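Spelled out from the first residue to the last, the chains are:
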Amino acid sequence: MLNNEKIKKVSIVVSKGSLEGIYPALIMANGARMQGIEANLFFTFFGMDAITKKKMGNIKVATVGNPAMGIPTLIGAIPGMSYFATRMMKKQMEELDIPPIPEFIEMIDDAGGKIYACLASVDMFKLKKEDFCDQLEKILTVGEFYDISAGGQIIFT
Amino acid sequence: MEKVIAGYSVDVTEEGYLTNKGQWNKEIAEAIAKEIGIDELTEGHWKVIEFIQKDLAKTEKMPTIRRVKNAGGIETKELYRLFPEGPLLKATKIAGLSKPVSCV
């Protein structure tokens, strides 16, 4: 493959359920579509919160165990800290026209990006297809994920 | 650099975006559209182009896809249907504007 060959397809694995774990993947998937690149999102483990009806509207920033926040862990653990930090970050994002997660998922789907959930995680968390947002294309095995990703780049977040 | 589009000599960037929007006209728009794979500019295309031009003039900020939907009333699916493979990149180029620099 030539080094400067254009990327034609990306498949992004989302394994974390925090705000800062989910957004970069969504921005990258949406950005790919904006550039004419095919995009697949594969949600696994707690990353599935981003596409679960009950949880997708309530994703929070991790204020504990996150040294970059600049908040001491004990302070970060105080009830309400995560809520406060999340609210601040959401406000910043709204100013940049970055949508809330449910709207972002809808936008990526409208843009032709595909949303998948990981079968092993779905079974482990005892979820059903109905628990996911309408944009969910399919629940996939890892093997199927690799099939879908063939010929493209895989990014794990 | 200079380029002749639809018989007009215009200033463009290396990627083909007009650098002086005063040089833009509808014939140029149609010629750029053809060059990037859109054979005909329909009413739907013009609605997008005009919204982006007006919104940029009003807010001094290039609208995002989200804004095209919320303020321009053009559904994202429709936007991608009209301008496949990079809707904002294509629409701004046809509209004679600079390349968008936003990540969303």
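Before any of the text, the structure's been laid out above.
Nothing here was measured: the structure is a model prediction, and the numbers come from that model.

Undergrad: Can you help me understand the packing of helix 1 (residues 19-34) of chain A against helix 4 (residues 101-110) of chain A in this one?
TA: Each packed pair of helices is defined by two parameters, the angle between the axes and the distance between the axes. Residues and elements named next belong to chain A. Taken N-terminus to C-terminus, the directions of helix 1 and helix 4 make an angle of 25°; their axes are 10 Å apart at the nearest point. On the basis of their axis angle, the class for helix 1 and helix 4 is roughly parallel. Along this stretch, helix 1 crosses helix 4, giving a crossing that reads as left-handed. Note on element contacts: helix 4 touches helix 1 through Ile101, Phe104, Ile105, Met107 and Ile108, opposite Leu19, Ile22, Tyr23, Leu26, Ile27, Ala29 and Asn30. By residue class, the composition of the contact of helix 1 with helix 4 is eleven nonpolar, one polar and no charged.

Undergrad: Any chance you could explain the nonpolar core here in plain terms?
TA: Within soluble globular proteins, side chains that are nonpolar tend to cluster in buried spots. All names here are of chain A. Counting 35 residues, the largest nonpolar core has Leu26, Leu41, Phe43, Ile51, Ile101 and Ile105 as the members making the most contacts within it. At the level of secondary structure, the elements contributing two or more residues to this core comprise strand 1 (9-14), helix 1, strand 2 (38-43), helix 3 (81-95), helix 4 and strand 3 (114-118). Per-element accounting of this core gives the leading share, seven residues, to helix 1. The contact partners of Ile105, leaving out residues within four places of it in the chain, are Leu26, Phe43, Ala50, Ile51, Met56, Ile115, Cys133 and Gln135.

Undergrad: I tried to follow the sheet that holds strand 4 (residues 136-140) of chain A on my own but got confused; where do I start?
TA: Residue and element names in this part refer to chain A. Spatially, five strands are ordered 4-3-2-1-5 in an open sheet, and the strand pairing comes out parallel. In this open sheet, the two strands that pair with only one neighbour each are strand 4 and strand 5 (153-156). Ignoring which end each strand starts from, the neighbouring axes of this sheet average 25° apart. Here strand 3 pairs with strand 4 via four bridges, running parallel. Looking across to strand 4, one finds that Tyr116 is bridged to Lys138. Against the sheet, helix 1 touches strand 1, strand 2 and strand 5, its axis set at about 160° to strand 2. Contacting strand 1, strand 2, strand 3, strand 4 and strand 5, helix 6 (residues 142-149) runs over the sheet at an angle of about 125° to strand 4.

Undergrad: Could you clarify how one ought to interpret a negative patch on the surface in this entry?
TA: A cluster of like negative charges, contributed by Glu27, Glu30, Asp39 and Glu40 of chain B, occupies part of the molecular surface. Note that Glu27 of chain B resides in helix 1 (residues 26-35).

Undergrad: Help me understand the packing of helix 2 (residues 43-59) of chain B against helix 5 (residues 87-94) of chain B, please; the structure alone is not making it clear to me.
TA: Residues and elements named next belong to chain B. Look at helix 2 against helix 5: their axes get within 9 Å of each other, and the N-to-C directions meet at 80°. Taken together, the axes of helix 2 and helix 5 are roughly perpendicular relative to one another. For the pair formed by helix 2 and helix 5, the contact residues are Val48, Ile49 and Ile52 on the first element and Leu88, Ala91, Thr92 and Ile94 on the second. A breakdown of the residues in the contact of helix 2 with helix 5 according to their chemical character gives six nonpolar, one polar and no charged.

Undergrad: How should the pattern of salt bridges be read in this particular structure?
TA: Note on pairing: side chains with opposite charge can pair once their charged atoms come close. Taken as a whole and assessed by the stated rule, the structure comprises twelve salt bridges over all chains. For the salt bridge of Lys69 of chain B with Glu106 of chain A, the shortest nitrogen-to-oxygen distance reads 3.8 Å. In this pair, Lys69 of chain B sits in helix 3 (residues 65-70) while Glu106 of chain A sits in helix 4, so the two residues belong to two different chains. Glu35 of chain B is the partner of Lys3 of chain B in a salt bridge, and the nearest nitrogen-oxygen pair spans 2.8 Å. Note that Lys3 of chain B is positioned in strand 1 (residues 2-5) and Glu35 of chain B in helix 1, a separation of 32 residues in sequence. Residues joined by salt bridges that share partners form a network here, namely Glu94, Asp97 and Glu103 of chain A together with Arg66 of chain B.

Undergrad: Quick question: what am I supposed to make of the interface of chain A and chain B here?
TA: Interface size is commonly expressed as the accessible area that is lost once the parts come together. At the interface, 20 residues of chain A touch 18 residues of chain B. In this assembly, chain A packs against chain B so that about 1500 Å² is buried in total across both faces, 53% of it on carbon and sulfur atoms. Looking only at chain A, the three residues that lose the most surface to chain B are Met34, Asp97 and Asp110 of chain A, adding up to 43% of its buried area. Taken together, the links from chain A to chain B amount to four salt bridges. Here chain A is connected to chain B by four residue pairs in polar contact (both at pLDDT 80 or more).

Undergrad: How should the layout of surface pockets be read in this particular structure?
TA: A probe matching the size of a water molecule, rolled over the atoms, marks out where space remains unfilled. Of the voids in this model, the largest pocket is the one considered here, and its volume is about 390 Å³. Looking at the largest pocket, it is lined by 15 residues, and the ones nearest its centre are Lys6, Gln35 and Gly36 of chain A together with Glu85 and Leu89 of chain B. Broken down by class, the residue content of the lining of the largest pocket amounts to five nonpolar, three polar and seven charged. Counted as a void, the second largest pocket has a volume near 260 Å³. Lining the second largest pocket are 17 residues, and of these Asp97 of chain A together with Lys61, Met62, Pro63 and Thr64 of chain B sit closest to its centre. Contributions of two or more residues to the lining of the second largest pocket are made by helix 3 of chain A together with helix 2 of chain B. Looking at the lining of the second largest pocket residue by residue, the classes come out as six nonpolar, four polar and seven charged.

Thresholds, definitions, all that
Residues numbered from 1 in each chain as written. Chains lettered and ligands numbered in written order. Predicted model: local features only at pLDDT ≥ 70, side-chain atom pairs only at ≥ 80, totals over all residues. Heavy atoms only, no water. Axes fitted to C-alpha atoms, helices over the stretch in contact; angles between N-to-C directions. Helix = DSSP H or I, 4+ residues; strand = E, 2+ residues; numbered from the N terminus. Parallel < 35°, antiparallel > 145°, perpendicular 65-115°, else oblique. Left-handed = near helix turned anticlockwise from the far one by under 90°. Contact = heavy atoms within 4.5 Å. Nonpolar A, V, L, I, M, F, W, Y, C, P; charged D, E, K, R; others polar. Core = buried A, V, L, I, M, F, W, Y, C linked by side-chain atoms within 4.5 Å. Buried < 20%, exposed > 50% of the residue type's maximum accessible area, 1.4 Å probe, protein only. Pairing = 2+ DSSP bridges. Patch = residues over 30% accessible without salt bridge, like charges linked within 9 Å, V, L, I, M, F, W, Y side chains within 5 Å. Areas by Shrake-Rupley, 256 points an atom, 1.4 Å probe, with all protein chains shown as cover. Salt bridge = Lys/Arg side-chain N within 4 Å of Asp/Glu carboxyl O. Lys, Arg positive; Asp, Glu negative; His and termini not counted. Charge placed at Lys NZ, Arg CZ, Asp CG, Glu CD. Buried area = accessible area lost by both parts, 1.4 Å probe. Polar contact = N/O pair within 3.5 Å; in protein donor to acceptor, adjacent residues only side chain to side chain. 1 Å grid on protein atoms, 1.4 Å probe; cavity = no way out; pocket = protein on both sides within 12 Å on 5 of 7 lines; lining within 4 Å. Points joined across faces, edges and corners; volume = space filled by probe spheres on them.

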